[in-house]
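Secondary and tertiary structure notes
The primary structure of each chain is shown beneath.
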Amino acid sequence: GSRRPSVLEFRNVASARSSRWFVRDMKTQMWEEHNLDRVMALVGEMHEELGENVSAEPIYVRIESAGCVDMQIVDLPGFRDFAMDASKQHLAKQIEDLDMTFMRDKRNVILCVEQAADAATMASLQKCRSLDPRFERTILIRNKLDKYYNDLTPENVSKWVDGFGDLPDNLVRFSFTLPYWREGTVPPKPFRELSEEMNTEDIRQMNARGLGQKYMQTIGFKNFAAFMEKKIERMFVDSIGPVLSSLKDLRAQAEKVARNLSIEFSDTDPHRILSTTRDCGVSFAMALTHVMEGVLDLRPVVNLEDELKEFHQYHAQRGSSHFSTLPCDDFPTLNDYIEYLRSDIQLATFDVELNGGAQFRRLMCEVEIFLRFSEISVETKKRDVIQARGVSMSTLTWRDVVVKLLSNEAHMPLQRRVQYVGERIKWFFVKQKEAVLEFMDNLEGTPASNMYSPLYPKHAKLIKQNEMIKHLLFQTYDKACQRQLQQFVELFDNMLTSTFSNPWVFLKGSPTAGCSEDDLSDAVLPSFDDTKERIPKEIQSRSGTETVLSKWLSDIPMDSSQIDEAVDKVQMLVLKTYSFIRSQVCDQVELFAESFFKLPMMRRLEQDMAQIELTDDDTLNYQARRDRLADDIRQAQDNLVEVDGCINRLQSFKIKCEARGVSSMGA
């Protein structure tokens, strides 16, 4: 029996003198022509090889004939109402599931084939009713009509056609006899002749029994074929509107592709390619400024947890060890640090997915918290204090000892954390490339496009379509990020070196010293009188700090017999001085990031892009790309011609059908 769907493709070939049968090979997917006997044998083998199993992989058979209607029928395995054992029941369930998959699709017309027996016992029709209660897409075919000739009389023939009241009036039904011959023998005549003979005999027998003309239209294969031809034509006409709409969308898309390819082909002219690449780069650099200013609904975005995990994973794969990846030893793993930021610090934007300037602002909060965990990793020992206080040509004071200890024990931990800050900022800018490109590309056709350069969408398409331009731009961008990282670290290191060489100057009172948190006087621009009043106070505050520091230093005993007390006081002074330095650095980390990284990066990026140079390999790759573009343009134009041809044919067909009155209303 049947174990898989059989897709029968009927193709009308008016010039064909005889029928031609084809079967598609399931391995090569190629159509192979066979005679009818071989086709039947192949189809039987494909079903039998499944044994007690069912497969959704169909068999494809095609017939080309002058007597065919252009249509496709899927022959499904018949329902099994009775199954004696468990294996047969399982097979029946598999067949039902397979059939229902096709029957549930509302685009399919169901041809329900039943024997021309009592309509009340039609089990398959009942299954069709469960899916199509109003029989809007179900057609009943009552086969083997010749077996019931002798049961029909002039008195009951009309009632029999109506199913003796068991068939609903709105159900389209046909009754006929299909050609048959003894299994294992060849047909006595060509199939088409046999079909015509059976059709003639069905009509003759029903006419002899006085069946009315109303019902005669449902008798015979020819009436069924004529109905299906019109039915398919009506269905096709009904679907022309959506198909035409899809084809027009496809044409617009094809025109856009061809236009973009032509623009890229023109812009990649050997005499213009360098200027085109630079122009794309300059637009990319300008767009970065807009992204940093904040753009709504821009992708990709990321929350802080994913950002940190991706950053750490990247450097773990590279084996980076030149900076501290965690704030301090109190955080054994990254997850502990993430949980601290989420639960203890409760960053407001921790779980918010951001990009651009908003993400940079969140980054500044995170690196400031990271820096504030910086601490002297080793304990200042008595031996270190004594060793630092050697002898020199001049007097060596405790001030000099504190400077030595700070430089030796505190400079490196803070420097490694500053390196972390630089790497985080570099990572942020590197990850903005895709967001900048999406910003440029998504502007086309939006109201916001009038606010920005009209070249953004054009250059974005060139960057996306041309891998060489994209590679050169991203390479230049990454080099700019690396350069700014080096400058940031170098400038910050210089600042730290000068700080630790003379921390007393660094610790002088800041301009905001002495202001309380509730004092909002600095929130407005000061007047000239306010400035004159402030300056003496700042000078006095600085001299006061000097006095405090001098007092701390003078409290350290100089006598060697009091070395233990001196060590304790030096340790206290080292820790306190380092905490002051750390606080000052953390308070100003955003200023340093802006001055040493962000502003130079954004100001110099356009210049970097405008100075892109092509190597000989780049020139050769561009030429290869240009050659491929020429082929792509020809293919796009051919596709456009083909789509236009389909649209023209469908529109002509629609006009003809409308002139003949064939429409969904006629269905």
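Scope of this entry: the structure provided in the associated data block. (Residues numbered from 1 in each chain as written. Predicted model: local features only at pLDDT ≥ 70, side-chain atom pairs only at ≥ 80, totals over all residues. Heavy atoms only, no water.)

Let's talk about unusual backbone geometry
The omega torsion across R299 and P300 is 0 degrees, close enough to zero to call that bond cis. Relative to the elements of secondary structure, P300 occurs in the loop between α8 (273–293) and α9 (304–318). With a phi close to 55 degrees, D297 is a non-glycine residue in the positive phi region. (Helix = DSSP H or I, 4+ residues; strand = E, 2+ residues; numbered from the N terminus.)

Some thoughts on the sheet that holds strand β7 (residues 138–143)
In spatial order, the strands read β6-β7-β8; together these three strands make up an open sheet with parallel pairing. Both edges of this open sheet fall to β6 (110–115) and β8 (172–175), since each of them pairs with a single strand only. Geometrically, the sheet is characterised by an average inter-axis angle of 20 degrees between neighbouring strands, direction not taken into account. When β7 meets β8, the two strands line up parallel, connected through four bridges. Bridge pairing in β8 places L140 opposite R173. Packing of helix α3 (residues 123–131) onto the sheet brings it into contact with β6 and β7, and relative to β6 it is tilted by some 155 degrees. (Pairing = 2+ DSSP bridges. Axes fitted to C-alpha atoms, helices over the stretch in contact; angles between N-to-C directions. Contact = heavy atoms within 4.5 Å.)

Here we look at the nonpolar core
Counting residues in hydrophobic clusters, the biggest one holds 95 residues, and the most contacted among them are F284, I425 and F429. Looking at which element gives the most residues to this core, the answer is helix α17 (residues 467–501), with 15 residues. What F429 contacts, discounting residues up to four positions off in sequence, is M292, F360, Y477, C481, F597, K598 and M601. Core analysis: the next-biggest nonpolar cluster, separate from the first, contains 13 residues, L145, L152, W160 and L211 among them. (Core = buried A, V, L, I, M, F, W, Y, C linked by side-chain atoms within 4.5 Å. Buried < 20%, exposed > 50% of the residue type's maximum accessible area, 1.4 Å probe, protein only.)

Thoughts on the pattern of salt bridges
As enumerated under the stated definition, the model contains 36 salt bridges in all. Of the charged contacts in the structure, one is a salt bridge between E49 and R4, with a shortest N-O distance of 3.2 Å. With a gap of 45 residues between them, E49 in the loop between α1 (36–48) and β4 (59–65) and R4 in the segment before β1 (6–12) connect regions that are remote in the sequence. Look at E49 and you get exposed, because its relative accessible area is 57%. According to the relative accessible area criterion, R4 is buried, its value standing at 3%. As a salt-bridge pair, R424 and E366 come within 3.1 Å of each other at their nearest N and O atoms. Note that R424 is positioned in helix α14 (residues 411–430) and E366 in helix α11 (residues 356–372), a separation of 58 residues in sequence. Note on accessibility: R424 and E366 belong to one class, buried. Through salt bridges with shared partners, one network takes in E305, K309, E339, R342 and D351. (Salt bridge = Lys/Arg side-chain N within 4 Å of Asp/Glu carboxyl O.)

A few points about the packing of α9 against helix α10 (residues 334–345)
In the contact formed by α9 and α10, the axes pass within 11 Å of each other and the chain directions differ by 155 degrees. Between α9 and α10, the crossing angle belongs to the class labelled roughly antiparallel. Crossing of α9 over α10 shows right-handed handedness. Residues L304, E305, L308, K309 and H312 of α9 lie in contact with α10, whose contacting residues are L334, N335, Y337, I338, L341 and R342. Here the residues of the contact of α9 with α10 sort into six nonpolar, two polar and three charged. (Parallel < 35°, antiparallel > 145°, perpendicular 65-115°, else oblique. Left-handed = near helix turned anticlockwise from the far one by under 90°. Nonpolar A, V, L, I, M, F, W, Y, C, P; charged D, E, K, R; others polar.)

What about the packing of helix α7 (residues 221–267) against helix α16 (residues 455–465)?
Helix-helix packing: each pair is described by the crossing angle between the helix axes and the interaxial distance. Taken N-terminus to C-terminus, the directions of α7 and α16 make an angle of 85 degrees; their axes are 10 Å apart at the nearest point. Here α7 is positioned roughly perpendicular relative to α16, judged by the angle of their axes. Residues K256, N260, I263, E264 and D267 of α7 form the contact with α16, whose participating residues are K458, K461, L462 and Q465. Here the residues of the contact of α7 with α16 sort into two nonpolar, two polar and five charged.

All we've got here are geometric facts, nothing functional implied.
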